[in-house]
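Structural description and commentary
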Amino acid sequence: MARQETELLKLSHARVLETLTADVKLAGTRLEFLFQDRLRRVSTLSERQDVVAAVESRNVVAMSELLGAGAQLADVDGLVVLDEKGRVIGASSNSIDLVTLNDRIQRFGFSGDITAALMESYPGHRQTFSDVLPRSETGIFVPSGNDNALSQVIFVPVFDEFGYVIGGLLAQRWLRETEPLLADLAEINSFELAIVFDNKVISRANFEGLISDLELSPTRPNIAYNGIRVVECGVPLFPMTVCAMVPIEDLTATQAELTRIGIEEERKMLRWLLLFGMLALVAFAAVAFLLSRQITRPLTNITRVLSGIAAGDFENHVVGTDRHDEVGDIARSVVSLQHSVKERDALRARVHEKNTILRTQEAQLREQNILFDAALNNMSHGLCMFDRDGRLIVSNLRVAELFELERGALKPGMNEAQLSDLQKTEALGSEALLPHEAREGPQQPGSWAQSTKMERTRSGRIVLTTRQPLAEGGWVAISEDITERQEARDRLAFLARHDTLTGLPNRVEFRDHMDRLLQLQKAEGGEFAILCLDLDEFKTVNDSLGHPIGDELLRHVADRLRLLGGEEDVVVRLGGDEFAILTRLHVRPDSIEEIAEAAIWELSQPFQIADHEIVIGVSIGITVSTGDGSAGDELFKQADLALYRAKEDGRNTRRYFQADMGAAVKERRELITDLRTAVGNGELELYFQPQYTLADYQISGFEALLRWNHPSRGLVSPADFIPIAEDTGVILQVGEWVLNEACRLAADWPDHLRIAVNLSPRQLRGHAFGPVLVNALTKFDLRPDRLELEVTETVLLTDSDEVLDALHQAKTLGVKVSMDDFGTGYSSLSYLRRFPFDKIKIDQSFVRSMAYSEDSVSIVKAVIDLAKNLNMATTAEGVETRELLDMLAEIGCTEAQGYFLGRPVPIAEAEALILDADPSLSTAAQ
């Protein structure tokens, strides 16, 4: 009995371990299914047109809005968008620092696989990446509340409509502490499940214990050290160890079941033994009878055959079957028994084999049903399948969630009308895609057309349902929530045609509306007008008060312009501080005039923004489309030319287009084109105006002045080309050439002579001026204190940190800095406090008026005294008479320059003047 119990214990232990081993493999299969399903979801997301458009546009906001919802649909913790080079350009969360995230991802080991996928992918050969990696190899590059020791990293490339790789989606999905699919599996099969990594339990289902509860006894295989559970562990999916467990009571129950089966088998055996015993008694009785008739030998053979039958041997030969007495009957009966038992055992073996096959098939079918049910109810899309009669066959839980139905409301057998009554949705649009047969004739029963339908649910969500016919009849309806996608699409469409700052239509909408007016004008006749508006003094506001105030001013301007026109007039923002008004068709000339006058009046009224009272103006160019066949581009060009004329005529005014306006613009454009090549062609030249010290009337230095010798125009005035250079940005190239040329020429002068160079405000903005200055000084070996940089108050108007940093850097090098045109700007005294200038240059308007204005003398004397108190030198500009020179020397001015002392001259004459600089000023003047 003890041996039997031991054998039963081993058998029950093996049976439990066989079940747990199957559970471990099934859990691994489930996990692998989950990982492949997420890869498919992310791949589907990457093929959506709105996602492709967002990635192609590099719009961070649009990508965040789309991928935030996309991450939920794909069942991942977050998504990161990479460009075609593998660099981070967006994420599902707009709170992520993209620069930091890019540096982090580049250091991970899987970044090489991502780069390979981007390089090797093409349509029809999409290279994807999916792997389960430890936290040490991935980090938390998608922040979430589900951090764990392992996460699935997924990457799929994104193609544009031409088949080029434009980027990819990188997803991270942490293994949950309780995965729903594994929890369902453990609940259905009544066992405990734990996933172990790095000697820690990182996920569990139906298991509340610790890692110590999985430690096995050294003497009892697969039994926990504490004796509570039977444990079987395996690695069905690297690098996770999956452990399946059942309480030790299950082992005892299995043993009891096997004991019960053994007892039943023993009872059957006893019945058989009793039967054979009775047959043996009959045989012995027959032997006794036959011995008396001399039949002992045949009966002995028959007895041996019967023993063989009892032992399972059915091949023994039975003798005496040819006899016609009782022995022959017994022999023939034994042969019949032998054949019957043999056939019975063979039949029993076949039945056992078929039962084994049926049980295996039943287990496989049960597992497939479980997987199908889990897959169906974990889909992100709702699914309904209808038969050829239009009756519901099967549906998943997602359908009830999408249409906000109670659980169990959808029942098999319902038709489409009954489903519509339950859903209570609002139809937004549909599209039927009929097959060729359906278009040509009446639709046959059981055939259904492919179609799509968009609906709004009771809570306002938008659901898209696609109906796909089945070959055997009926159809499958797949529903998905596209609310975020539709909202993002509508927002992208709005942003494509509207200005984000003011909300006004943009240049695209302006052009389309103008084309519609031109088409309507061809059919109906009439006139309409285009008014181009450009704000006056807006740049000054932007520079002095900052871009936030400038943006708010543009919003206020847009609000006022909206109130000017009628319902059919369109106000647009073209860009910067440029606006336009498109009037309605059949507009009267007096209405155009009223709109223009109203715009000038409204925009000239003060704006109150952040404690600032701002006053600006507006210049307006107007052209009227009379239906003469002018294209939209030509009309807009005419309005733009009229706008230029309005600005030239004093601003804050309006001008209508006239045919001769194009000539001035053409000349300006030609001048801009020629100026861009002037430096390269060697057309620029420096002239030098001497500066004298009034203490000893000796030359102290020269101011470098730019001249342009145009090949065809001759000498172009600086007043004509310097503003153009400022507006176009060419001043940066020209200013660098002036600085280098002045340093090159001055390097050969005596050491006591300085060279003064004027700087544009644009040169000091940004961080490029410092290297340019250092390069000029070192390249031509010019001592820094011999260079003097002249800046106007406009440079410091914005109080920009970049400008002050550039000037301080020049001071640190030893370069002198002077304020030019002092007294003509906005608040000169405040600039003297902001920056420690070396010199103040008194504007020539004050110097020239000293001859007849005592006020000007007092002002100049006050400036000189102020400079002395601040340890600054002074230079008077515009000295054109001896009288002015003597007055300046008397009141203590340091230096002077002007036509009386010397006009600007080429370098050859300047060097000749240096050689003759020893005589006194009076002698030179004579």
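Refer to the preceding data block for the structure.
Throughout, residues of each chain are indexed from 1 in the direction in which the sequence is written. Where totals are concerned, whole chains, interfaces and linings use all residues; where local detail is concerned, this predicted model gives features only for residues with pLDDT of at least 70, and gives and counts side-chain atom pairs only at 80 or more. The basis for the side-chain values is all heavy atoms of the structure; hydrogens and waters are excluded.

Quick look at the overall build of the protein chain
Runs of H or I in DSSP of at least four residues are treated as helices and runs of E of at least two as strands, each being numbered from the N terminus. Across its full length, the protein chain holds 31 helices and 31 strands. Burial classification: accessible surface area is computed with a 1.4 Å probe over protein chains only, and a residue below 20% of its type maximum counts as buried, one above 50% as exposed, and the rest as partly exposed. Here the protein chain holds 926 residues, and the buried ones make up 44% of them. Whether two residues touch is decided by their heavy atoms; if any such pair falls within 4.5 Å, the residues are in contact. Sequence-distant contacts in the protein chain: of pairs separated by 6 or more residues, those separated by 24 or more amount to 62%. In this description, accessible areas are obtained by the Shrake-Rupley approach with a 1.4 Å probe, and a residue is regarded as covered only by the protein chains that are shown. Working note: accessible area of the protein chain is about 48100 Å², and carbon and sulfur atoms make up 52% of it.

With respect to the state of the cysteines
When two cysteine sulfur atoms lie within 2.5 Å, the pair is treated as a disulfide. For the structure on display, the rule yields one disulfide. A sulfur-sulfur distance of 2.0 Å marks the disulfide that ties C233 to C243. Between C233 and C243 the disulfide shows an S-S torsion of about 110°. By sign, it is right-handed. Of this pair, C233 sits in strand β8 (residues 229-237) while C243 is found in strand β9 (residues 240-247), placing the two residues 10 residues apart along the sequence. The class of C233 is partly exposed, set by a relative accessible area of 37%.

What to know about the pairing of strand β26 (residues 754-758)
Most of β26 is tucked away, with four of its five residues classed as buried. Two strands qualify as a pair provided DSSP detects at least 2 bridges between them. Note that strand β24 (residues 698-710) and β26 share four bridges and pair parallel. Looking across to β26, one finds that E703 is bridged to A756. Note that β26 and strand β27 (residues 787-791) share four bridges and pair parallel. Bridged to N758 within β27 is E790.

Here we look at the sheet that holds strand β22 (residues 654-656)
Where strands meet in a sheet, backbone hydrogen bonds hold them as pairs that are either parallel or antiparallel. In spatial order, the strands read β17-β18-β16-β21-β22; together these five strands make up an open sheet with mixed pairing. Each having just a single partner strand, β17 (570-575) and β22 make up the two edges of the open sheet. The mean inter-strand angle of the sheet, taken between neighbouring strand axes irrespective of direction, is 20°. Bridge count between β17 and strand β18 (residues 578-582): five bridges; the pairing is antiparallel. In the sheet register, V570 faces β18, and the bridge partner there is L582. Note on geometry: axes are C-alpha line fits, over the in-contact stretch for helices, and angles between N-to-C directions span 0 to 180 degrees.

Some points on the side chain of E877
Of note, E877 is situated in the loop between β30 (873-876) and α29 (882-890). Given a relative accessible area of 10%, E877 falls into the buried group. Polar contact criterion, stated in full: a pair of N or O atoms within 3.5 Å, where within protein one must be able to donate a hydrogen and the other to accept it, and residues adjacent in sequence count only if both atoms are side-chain atoms. Among the polar contacts made by the side chain of E877, one reaches the side chain of K841 at a distance of 3.4 Å. Residues in contact with E877, not counting those within four places in the same chain, are E703, D820, D821, K841, I842, D843, Q844, V847 and Q897.

A short note on unusual backbone geometry
With an omega dihedral of 10°, the bond running from F238 to P239 counts as a cis peptide bond. The residue P239 is located in the loop between β8 and β9 in this model. Non-glycine residue D75 carries a positive phi angle of around 60°. Relative to the assigned elements, D75 resides in the loop between α3 (60-73) and β1 (78-83). The class of D75 is partly exposed, set by a relative accessible area of 28%. A positive phi angle, near 60°, is found at D198, a position not held by glycine. Position of D198 relative to the elements: it lies in the loop between β6 (192-197) and β7 (200-205). Relative accessible area serves as the criterion here: at 61%, D198 is assigned to the exposed category.

Observations regarding a nonpolar patch on the surface
To count toward a patch, a residue needs a relative accessible area above 30% and no salt bridge. Like charges then connect within 9 Å, nonpolar side chains (Val, Leu, Ile, Met, Phe, Trp, Tyr) within 5 Å. The rule for a salt bridge is simple: a side-chain nitrogen of Lys or Arg has to be within 4 Å of a carboxyl oxygen of Asp or Glu. A cluster of nonpolar side chains, M269, W272, L275 and L279, forms an exposed patch at the surface whose accessible area comes to about 370 Å². Positionally, L279 belongs in helix α8 (residues 248-291).

Topic: the pattern of salt bridges
The full count for this structure, using the stated rule, is 46 salt bridges. For the salt bridge of D50 with R485, the shortest nitrogen-to-oxygen distance reads 3.7 Å. Taken together, the residues span a long stretch of sequence, with D50 in helix α2 (residues 49-57) and R485 in helix α14 (residues 483-497) at a distance of 435 residues. Accessibility assignment for this pair places D50 and R485 in one class, buried.

What to know about the nonpolar core
To define a nonpolar core, start from buried Ala, Val, Leu, Ile, Met, Phe, Trp, Tyr and Cys residues and group those joined through side-chain atoms within 4.5 Å. With 79 residues, the main nonpolar core has L739, I755, L787 and L888 as its most contacted residues. Looking at this core element by element, the count peaks at eight residues for helix α22 (residues 731-746). Excluding residues within four positions of it along the chain, L739 makes contact with V757, F769, V772, L773, A776, L787 and L789. Membership of the second largest hydrophobic core comes to 31 residues, among which are A529, L553, F579 and I609.

Section: the sheet that holds strand β4 (residues 150-159)
Ordered in space as β2-β1-β5-β4-β3, the five strands form an open sheet in which the pairing is antiparallel. Either end of the sheet is taken by a strand with one partner, and the two such strands are β2 (88-91) and β3 (129-134). Strand after strand, the sheet turns through a mean of 25° between neighbouring axes, direction not considered. Both β4 and strand β5 (residues 165-174) contribute to a ladder of nine bridges, which runs antiparallel. Considered in β5, the bridge of F155 is made with L170.

A few points about α22
Take the residue count of a helix, subtract one, and multiply by 1.5 Å to get its expected span. Across its 16 residues, α22 extends 22 Å between first and last C-alpha, which sits within 8% of the 22 Å expected from 1.5 Å per residue. Taken as a whole, α22 has its buried residues at I731, V734, G735, V738, L739, N740, E741, A742, C743, L745 and A746.

Re the packing of aromatic side chains
Think of it this way: a Phe, Tyr or Trp ring, Trp meaning its six-membered ring, pairs with another when their centres are within 6.5 Å, and the plane angle makes it stacked under 30 degrees, edge-to-face over 60, tilted otherwise. Here the structure, examined in full by the defined rule, presents nine aromatic pairs. Between the aromatic rings of F110 and F129, the centroid separation amounts to 6.3 Å while the plane-to-plane angle is 25°, which identifies the pairing as stacked. Remark: F129 occurs in strand β3 and F110 occurs in the loop between α4 (98-106) and α5 (111-120); sequence separation between them is 19 residues. Its relative accessible area of 3% is what places F110 among the buried residues. Relative to W749, the ring of F688 has its centre 5.6 Å away and its plane inclined at 75°; by these criteria the two rings are edge-to-face. Here W749 lies in the loop between α22 and β26 and F688 lies in strand β23 (residues 684-693), a separation of 61 residues in the sequence. Three or more aromatic residues joined by ring pairs form one cluster here, namely F108, F110, F129 and F141. One Lys or Arg, R707, reaches over the ring of Y687 and ends 5.4 Å from the middle of that ring. As a reminder, the over-ring test applies to NZ of lysine and CZ of arginine, requiring each to be within 6 Å of the ring centre and within 35 degrees of the ring normal.

Regarding the environment of F579
When you line up the elements, F579 lands in strand β18. In this structure F579 comes out as buried when scored by relative accessible area, which is 0%. For the pair F579 and R507, spaced 72 residues apart in sequence, the C-alpha to C-alpha distance is 9.5 Å. Sequence-distant contacts of F579, defined by excluding residues within four places in its chain, comprise L504, L531, C532, L533, L535, L554, V557, A558, L561, V572, R573 and L574.

Some thoughts on the pairing of β9
With respect to burial, β9 is a largely interior element, six of its eight residues being buried. Examined bridge by bridge, β6 and β9 share five bridges and lie antiparallel to one another. Each residue of the ladder has a partner; that of A194, found in β9, is C243. As paired elements, β8 and β9 share seven bridges and run antiparallel to each other. Following the sheet pairing, E232 is matched in β9 by A244. Between β8 and β9, which pair antiparallel in sequence order, lie two residues.

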